[in-house]
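# Architecture and fold: a report
So the chains spell out like this:
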Amino acid sequence: MRPEAECCGNPVSPGFGGRCPAVVLQGGATSPARPPLPRGCACSDSTAGKQRWPSAPARPRVRLERSSGKMYSAKRKTLAFTGVLLGCLEMIFSANTAPDTPVIDQAYSKLSNSITVEWRAVPGANNYMLTAQDGDSFVETIVKNSPGTVTGLKPATLYRITVRSINSGGKSQPSPFRKVKTVLVAPILSVHSLSCDSIAVSWKAVHMAAGFSVSLMRSDGLGRKLKQNTTNTSLIFTNLDPGTLYTIRAYAWNANGMPGDDFTYNQSTSPNTPVDVKVAFNSGALRAVVSWMPSEGALTYSVTVSSGLLKLRCNTSASCMVPSLQCGSEYYVSVTAYNDAGSSEPTDAVSLKTIPCAPVNISIEEDEPGHLLVSWFSVSLGHYYVVFVKSDDGLEVHCNTSYTQCHFQSDCGFTYFISIFAYNKAGQSPLGDVFNYTTTPCCPSDFRAVFMSSDTVRVTWAPVRGADLYETRAASRSGVLLCRDTDTACTLSALQCSTPYNITVFSFSEARGSNTSCAPQYVATAPCSPEIKNISKEGLSVISVQWQPNNEEATYVVTARGEAGLWHCTSTRNSCTLMDLPCGSAFSVSAIARSPAGQSLPSYSIPLETAPCCPNDLILTQVTQSVTNISWSVGRGAQTYITILESPKGLAKCHTLQTYCLLGCITCDTNYTVSLRAITETGLTSSCTYQGYSSSACCPSGVKLYRLGNNGIRVFWQASDETINYNANLHGSKANFSCTSSSGLSHCDITKIPCGDVYTVVVAPVTDKGPKLTFCPKKIYSVTCSGSSVGMVIYRGRSNAKHM
């Protein structure tokens, strides 16, 4: 649609509100929109009498030259006003004539945002204004000469193109217009390398495009050019050189086959997979150097070292050093080449086995004395192991094995330093922990056990290597006794009697503990002391001793010890008999047990008294007809005595401390048994039996004197036994007389007895043994004289005289 008005040759759209449109200045800037027509600046309009801007003379000094123009912008009103004012001032002060109207020779579009115009030069023109109008909008550009190009246009759009010449006198009228359509916009490519030998190209659909042309060629000019036409929006170039930079050119064409803008893009193919990957492993530093043959076009390389979930990466332009690898691990190494296009396929993984780790869970023990067993857990990638054992005296041995244990000869009391290395093709494992192992101390030597008493033994030995402490252990069926000391001697006391002990001396060290392999020594204690249970008399000088047998295979010796001497008896059982012990003696009786192990302590002593001795001498003297005196010698050990005279007619008994005794109530003319019991202070009694005793015949009774003829006297009595002869004794002051009766008679006669005297008359039985009896009754008679003859015989009473 044609505009309602033009302003000095410039069409004015109703949308501008009476303002002049923007003018595209040379250089691409757009002049601001002109303000409403000022008074005195009117120009005639050939159409509908509209006001027009007058053609102004050439501006003497003010020149607005721009190479390109832009669409009207309402945001710059202030600047537009300034431009219009300057234009009016140019026209007021200019008095030259505007140049002629140019004629367009041709107009065409080679770029989607521009149209190029060619015209014949107009004399006197300094510049030319090119105008491209699309509906309500237009773009102006001021150029110096033909050809000129209007830029900032829309692609695939039909424009009316006019040209005006400009000098100091003003602008010419617009040239007759030409209609020109801008070409299609270039497709915007999205390019990437799918692989090392292919490139994928894609783009968005272009408005009004009927098809697309895409060409590809190595940027270095080598090789052939590849071109493809398509109506699609993507395509793929294959069989390309890896790692090579390619130039891709693409354009769209319209339905008339007119090509539009082209789009050029440089794209490299991704590099080829690296080859000849080599891994050099440094076992000491646990790192590896990865190298390979360079790939064409690769800018960088990425080395991936993976093991399980662990991945290590190294980005480099050459070889790569991979540090901090783990021992005992198998890594898979691959290399990927990179450039701007992307990455190559990774290489086939190369296996890298590192050195094995140092063995762990190391166990060191003496499975038996003198044999050291070193064992460990197998380690990953360990093919074989070497164990080094160095003793504290400097001697070192080693063991090479593919198993997980080694045996070594060891000595007691030594400290060994043990290190284990694992090996494989990559090398030796790092040094692990160095273990020190102290073997058990040596067993004590020169072992001696000496009994200090029946229940105490002193054990001594020689010091041994590696021992810090010694433990002496005495083991029996009933328990264990322990003695610990740093000294090389120990005294074990309170041992049980008659008990076999296994006495062992163990050596201890702080590092290893006890050497439990030391051999025991058998020691038996002396027998237990027997306990005397009973002492009994088997006879006068025979004593039986019984005890509790509390030992095995022991011989018992019983000893009776006293002032009289020592008496012994021996037995292997539980009793023995002491023979021929003297009477009346005190003894202390004890027992001991003997065995090959020794002699027991003596038992507790039991006091023993033998029965008192019987008196050797015993004398019986009849004092009176009914009283007998018994005397005896001292019986050893006896304190008191009991004498007994016993007959069927009765018993006479006496208990005394003395060695004599008077026994009354003796019956005359009687046979008695005589016994004596000697009794000790503690009540032991010896019964002593002696020869029988017969009391004297009975004294006659009724003794009387009768005068016989002349000087004779008859002594008469009453006999108790007619078979006994009696003797009559007359004791006078002048003489003594006696007579003895004949058997069976109870009188005897004394002739020629002096008269005139007093006589004591005693009639006593005549005995065959012993002295005559003096205890018969004495009677006193007076014999008077009758002349020279015996007169009267007068009884005067009894005499108390004991002896005649």
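Residues numbered from 1 in each chain as written. Predicted model: local features only at pLDDT ≥ 70, side-chain atom pairs only at ≥ 80, totals over all residues. Heavy atoms only, no water.

### Regarding the overall build of the chain
Where we set the bar: The helix and strand labels rest on DSSP assignments: H or I over at least four residues marks a helix, E over at least two residues marks a strand, and numbering proceeds from the N terminus. Relative accessibility decides the category of a residue: with a 1.4 Å probe and only protein chains considered, values under 20% of the type maximum give buried, values over 50% give exposed, and everything between is partly exposed. By definition in these notes, contact holds between two residues if any of their heavy atoms fall within 4.5 Å.
A tally of helices and strands in the chain yields one helix and 64 strands. A total of 804 residues make up the chain; the buried ones form 44% of that total. Summarising the internal contacts of the chain: among those between residues at least 6 apart in sequence, 58% fall at separations of at least 24.

### Here we look at the sheet that holds strand 30 (residues 405–409)
Note the threshold: A pair of strands is labelled paired if DSSP reports no fewer than 2 bridges between them. Axes here mean lines fitted to C-alpha atoms, for a helix over just the part in contact, with angles spanning 0 to 180 degrees between N-to-C directions.
Taken in spatial order, the three strands of this open sheet run 26-27-30, and their pairing is antiparallel. Sheet topology places strand 26 (363–368) and strand 30 at the edges, where each strand pairs with a single neighbour. Here the average twist between neighbouring strands, direction ignored, is 25 degrees. Bridge count for strand 26 against strand 27 (residues 371–375) is five bridges, and the pairing is antiparallel. Opposite Ile-364, over in strand 27, you have Val-374 as the bridge partner.

### Details of the confidence of the model for the chain
Caution applies to low-pLDDT parts of the model: their predicted coordinates are not meant to be read in detail. The following threshold applies: pLDDT is a per-residue confidence score from the predictor, ranging from 0 to 100.
Model confidence for the chain is summarised by a mean pLDDT of 85, while 87% of its residues fall at 70 or above. Note on residues 1–78: pLDDT under 50 across the span, and 206 contacts to partners over four residues away in sequence or across chains.

### Let's talk about the sheet that holds strand 11 (residues 189–195)
With antiparallel pairing, three strands are arranged side by side in an open sheet as 11-12-15. Strand pairing shows two members of the sheet lacking a second neighbour, strand 11 and strand 15 (234–237), which therefore form its edges. Ignoring which end each strand starts from, the neighbouring axes of this sheet average 20 degrees apart. Here four bridges tie strand 12 (residues 198–203) to strand 15, and the two strands are oriented antiparallel to one another.

### A word on the packing of aromatic side chains
Quick note on the threshold: The aromatic pairing rule takes the rings of Phe, Tyr and Trp, using the six-membered ring of Trp, and pairs them if the centres are within 6.5 Å, calling planes under 30 degrees apart stacked, those over 60 edge-to-face and the rest tilted.
Counted according to the given criterion, the structure contains 16 aromatic pairs. Judged by centre distance (5.9 Å) and plane angle (80 degrees), the ring pair of Phe-388 and Phe-421 falls under edge-to-face. Remark: Phe-421 occurs in strand 31 (residues 415–424) and Phe-388 occurs in strand 28 (residues 384–391); sequence separation between them is 33 residues. Among the residues examined, Phe-388 registers a relative accessible area of 24% and is labelled partly exposed. Given the relative accessible area of 11%, Phe-421 is considered buried.

### Topic: the environment of Thr-486
Positionally, Thr-486 belongs in the loop between strand 37 (479–485) and strand 38 (489–492). Accessibility expressed as a relative area gives 57% for Thr-486, which makes it exposed. Sequence-wise, Thr-486 and Tyr-470 are 16 residues apart; in three dimensions their C-alpha atoms are separated by 5.9 Å. If sequence neighbours within four positions are ignored, Thr-486 has contacts with Asp-468, Leu-469 and Tyr-470.

### Side note on the pattern of salt bridges
To keep it simple, the criterion reads: The working definition used for a salt bridge is a side-chain nitrogen of Lys or Arg within 4 Å of a carboxyl oxygen of Asp or Glu.
Considering all chains together, one arrives at ten salt bridges under this definition. For Asp-105, the salt bridge identified is with Arg-120, shortest N-O distance 2.9 Å. Of the two residues, Asp-105 sits in strand 3 (residues 104–111) while Arg-120 sits in the loop between strand 4 (114–119) and strand 5 (127–134), which places them 15 residues apart along the sequence. Asp-105 sits in the partly exposed class, given a relative accessible area of 35%.

### Here we look at the side chain of Ser-476
Defined as follows: For the purposes of these results, a polar contact is taken to be a pair of N or O atoms within 3.5 Å, where, inside protein, one atom must be able to donate a hydrogen and its partner to accept one; residues adjacent in sequence count only when each atom of the pair is a side-chain atom.
As for its position among the elements, Ser-476 is in strand 36 (residues 469–476). Relative accessible area serves as the criterion here: at 17%, Ser-476 is assigned to the buried category. A polar atom in the side chain of Ser-476 sits 3.2 Å from the side chain of Ser-478. When near neighbours in sequence (up to four residues on either side) are disregarded, Ser-476 contacts Thr-499, Pro-500 and Tyr-501.

### Here we look at the state of the cysteines
Cut-off, in case you're wondering: In this description, the term disulfide denotes a pair of cysteine sulfurs within 2.5 Å.
For the structure on display, the rule yields 15 disulfides. The side chain of Cys-412 participates in a disulfide bridge whose partner is Cys-442; the two sulfur atoms lie 1.8 Å from each other. Residues Cys-412 and Cys-442 are joined by a disulfide whose S-S torsion is about 90 degrees; by sign, that bridge is right-handed. Placement of the pair is Cys-412 in the loop between strand 30 and strand 31 and Cys-442 in the loop between strand 33 (435–438) and strand 34 (445–453), with a sequence separation of 30 residues. Judged by its relative accessible area of 31%, Cys-412 is partly exposed. Put simply, Cys-583 and Cys-613 are joined by a disulfide, and their sulfur atoms are 1.8 Å apart. Linking Cys-583 and Cys-613, the disulfide has an S-S dihedral of approximately 100 degrees and is accordingly described as right-handed. Placement of the pair is Cys-583 in the loop between strand 46 (575–578) and strand 47 (586–595) and Cys-613 in the loop between strand 49 (606–609) and strand 50 (618–622), with a sequence separation of 30 residues. Look at Cys-583 and you get partly exposed, because its relative accessible area is 23%. Exposure remark for Cys-613: the relative accessible area of 11% places this residue in the buried category.

### Let's talk about unusual backbone geometry
A cis geometry characterises the amide bond from Ser-146 onward to Pro-147, with omega recorded as -5 degrees. Its place among the elements puts Pro-147 in the loop between strand 6 (137–143) and strand 7 (148–151). One non-glycine residue, Glu-553, adopts positive backbone phi at about 55 degrees. Structurally, Glu-553 is set in the loop between strand 43 (542–548) and strand 44 (555–562).

### A few points about the pairing of strand 53 (residues 650–656)
Where strand 52 (residues 640–647) lies against strand 53, seven bridges are found, and the strand directions are antiparallel. The partner of Ile-644 across the bridge, within strand 53, is Lys-653. In sequence, strand 52 turns back onto strand 53 through a hairpin of two residues.

### Focus on the pairing of strand 13 (residues 211–218)
By the criterion of burial, strand 13 is predominantly enclosed, with seven of the eight residues buried. As defined by bridge partners, strand 13 adjoins strand 16 (residues 245–253) across eight bridges and the pair is classed as antiparallel. Looking across to strand 16, one finds that Arg-218 is bridged to Tyr-246. Where strand 13 lies against strand 14 (residues 226–230), five bridges are found, and the strand directions are antiparallel. For Ser-215, the partnering residue across the bridge sits in strand 14 and is Lys-227.

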